[in-house]
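Observations on the model geometry
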Amino acid sequence: MSQLAERNTAEISLLLQKARSMTEGEGRLVFLTVFGSALYGTSCEGLSDLDVRGLYIPYQEPGSKKEAEKEKGLHYSTGSTGSRNDSQDVDIDLLPFDRWMSVMLAHGDIGALDLLYAPTNEACTLYCHPAINPLFARPLRYLDLSDGTYLVRYCQGQGNTYGLSGTRLGTLWRVYLLASELVLQKGEHMRVRDCQKELAEEAGTQKYCIALEDGGLLLCGQCHAGAIQITELCRRLEKLLGPHRERIESARSGKGVDWKALAHAMRAIWQVKKLLTCGELSFPLSCAEELRKVRLGKCSFAEVEKEIVAGMKEVERLRTASSYAHKKDEAAVWRDLVLYRNTVLG
């Protein structure tokens with residue numbers, strides 16, 4: 001907690017005051033915590049800004065889950081628009097309580113999950129309304145671990161820019177590499193139908209690549225006929241990859257990688273695995289040192305990619321066997337939500 005320790009009581013008080021001022025006329029603040037790397041225990045000196053996140057209950061009550069989905073959060077930042085924050089900047093984000101509880105947690109949103117377990121790191125908690133203490137005392141009641149869609153989307157989103165395995169760019173890249181290699185090995189007159197199964201297997205995901213019965217290849221929504229030469233396929237893929245190709249190649253040589261994003265993907269996987277295994281999660285994370293190494297770029301892209309892909313497969317395996325991967329009672333969640341709202345707002 002070095003980030004928080006460096007800030008005196010007056011600064012902490014100002015953060016709380018600012019968060020409350022953000023909700024004036026909008027609703028009532030019910031929870032506020034230091035978030036991000038300070039919460040996880042992964043802060044890196046000179047790299048980590050101060051991220052504060054919380055919950056507020058809007059005065060305007062949504063009449064349904066659909067209406068709750070449309071609720072907007074409140075944001076404040078000392079950083080410059082369009083540029084990345086430095087270690088002296090502060091971000092404050094306040095989420096509408098209804099959307100967080102009935103929508104985001106139900107979808108397995110990673111940020112929402114982090115907020116649900118944030119009170120386990122007591123040193124980070126800046127404010128908690130007494131009325132919602134029962135919520136944090138039984139977090140699994142509100143978290144749905146039965147669907148892994150959001151985790152996959154989150155992890156692939158963190159690594160898509162660099163052609164992470166399983167992503168659209170990653171699929172194009174892998175098929176392109178193998179196709180280029182086949183041209184060198186077997187000649188430029190080779191056709192797609194002669195290697196379609198090999199290419200589909202190399203892609204590693206049927207989501208973006210399927211070998212068709214007529215010998216063609218359905219790749220990222222485009223059909224490539226079996227009769228076309230492999231050199232033509234390479235030309236098409238080069239065009240599709242465009243400027244991404246140079247970035248992907250650089251990442252694989254350790255240049256220009258957003259290691260922070262990849263560390264977030266690894267963190268999310270570790271957290272969900274922990275919940276599926278024992279139904280518990282606490283901050284700071286016991287894997288914090290490993291995550292710091294990734295964030296500082298002390299691992300190769302290939303090593304991190306392998307960890308992320310293997311981790312997502314392990315999560316799916318655990319999900320089929322875990323007693324914690326059950327759907328929650330949405331009606332009960334909505335009743336509790338109304339109860340918390342009425343207690344706080346009177």
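Look a little higher up for the structure.
Residues numbered from 1 in each chain as written. Predicted model: local features only at pLDDT ≥ 70, side-chain atom pairs only at ≥ 80, totals over all residues. Heavy atoms only, no water.

The complete set of buried residues in helix 10 (residues 196-203) reads Gln 196, Leu 199, Ala 200 and Ala 203. Along the axis of helix 10, the buried residues cluster in a sector spanning 100°; they form a single face. Residues of helix 10 that are exposed and angled more than 90 degrees away from the buried face: Lys 197 and Glu 201. Positive phi appears at Gly 204, one or two residues downstream of helix 10, with a value of about 80°. (Buried < 20%, exposed > 50% of the residue type's maximum accessible area, 1.4 Å probe, protein only. Helix = DSSP H or I, 4+ residues; strand = E, 2+ residues; numbered from the N terminus. Arc of directions from axis to C-beta.)

In space, the three strands of this open sheet follow the order 6-7-8, with antiparallel pairing throughout. Unpaired on one side and paired on the other, strand 6 (209-211) and strand 8 (222-224) mark the two borders of the sheet. Across the sheet, the mean angle separating the axes of adjacent strands is 20° when strand polarity is ignored. Pairing analysis gives three bridges linking strand 6 to strand 7 (residues 217-219), with the strands arranged antiparallel. The residue bridging Ile 210 from the neighbouring strand is Leu 218, located in strand 7. Contacting strand 6 and strand 7, helix 9 (residues 168-186) crosses the sheet at an angle of about 140° to strand 7. This element, helix 10, spans strand 6 and strand 7 of the sheet and lies at about 155° to strand 6. (Pairing = 2+ DSSP bridges. Axes fitted to C-alpha atoms, helices over the stretch in contact; angles between N-to-C directions. Contact = heavy atoms within 4.5 Å.)

Let us look at the packing of aromatic side chains. As enumerated under the stated definition, the model contains seven aromatic pairs in all. For the ring pair Tyr 40 and Phe 283, a centre distance of 5.7 Å and an interplane angle of 50° mean the geometry is tilted. With Tyr 40 in helix 3 (residues 36-40) and Phe 283 in the loop between helix 13 (259-278) and helix 14 (288-295), this residue pair connects regions lying 243 residues apart in the sequence. Of the two residues, Tyr 40 and Phe 283, neither departs from the other in class, the shared state being buried. Of the aromatic side chains, those joined through ring pairs into one cluster are Phe 35, Tyr 40 and Phe 283. Lying over the aromatic face of Tyr 127, Arg 20 brings its terminal NZ or CZ to 4.7 Å of the ring centre. Lying across the ring of Tyr 40, Arg 267 places its NZ or CZ 4.0 Å from the centre. (Phe/Tyr/Trp six-rings, centres within 6.5 Å; stacked < 30°, edge-to-face > 60°. Lys NZ or Arg CZ within 6 Å of the ring centre and 35° of its normal.)

Of all hydrophobic cores here, the largest spans 80 residues; its most connected members are Phe 97, Trp 100 and Ile 308. In terms of residue count, helix 13 provides more of this core than any other element does, 10 residues in total. Among all residues touching Phe 97, those that are not within four sequence positions of it are Val 30, Leu 55, Tyr 56, Ile 57, Pro 58, Ile 132, Leu 135, Leu 337 and Tyr 340. Val 183, Ala 200, Tyr 208 and Ile 248 belong to the second largest nonpolar core, which has 27 residues in total. (Core = buried A, V, L, I, M, F, W, Y, C linked by side-chain atoms within 4.5 Å.)

Take the pattern of salt bridges next. According to the stated counting rule, one finds 15 salt bridges in the structure shown. A salt bridge links Asp 51 to Arg 53, with the nearest nitrogen and oxygen atoms 3.8 Å apart. Comparing Asp 51 with Arg 53, the two get one shared label, buried. In this structure, Arg 317 engages Glu 314 in a salt bridge whose closest nitrogen and oxygen atoms are separated by 2.8 Å. Placement of the pair is Arg 317 and Glu 314 together in helix 15 (residues 301-321), with a separation of three residues, close to one helical turn. Judged by relative accessible area, Arg 317 falls into the partly exposed class, the value being 47%. A relative accessible area of 26% places Glu 314 in the partly exposed class. Overlapping salt bridges, with partners in common, bring together Arg 138, Arg 141 and Asp 336 in one network. (Salt bridge = Lys/Arg side-chain N within 4 Å of Asp/Glu carboxyl O.)

Two elements in contact, helix 8 (residues 149-159) and helix 13, have axes whose closest approach is 7 Å; the angle formed by their N-to-C orientations is 160°. Judged on the interaxial angle alone, helix 13 and helix 8 are roughly antiparallel. In the packing of helix 8 onto helix 13, the handedness of the crossing is left-handed. From helix 8, Leu 151, Tyr 154, Cys 155, Gln 158 and Gly 159 reach across to helix 13, where they touch Ala 261, Leu 262, His 264, Ala 265, Arg 267, Ala 268, Ile 269 and Val 272. For the contact of helix 8 with helix 13, the per-class residue count stands at nine nonpolar, three polar and one charged. (Parallel < 35°, antiparallel > 145°, perpendicular 65-115°, else oblique. Left-handed = near helix turned anticlockwise from the far one by under 90°. Nonpolar A, V, L, I, M, F, W, Y, C, P; charged D, E, K, R; others polar.)

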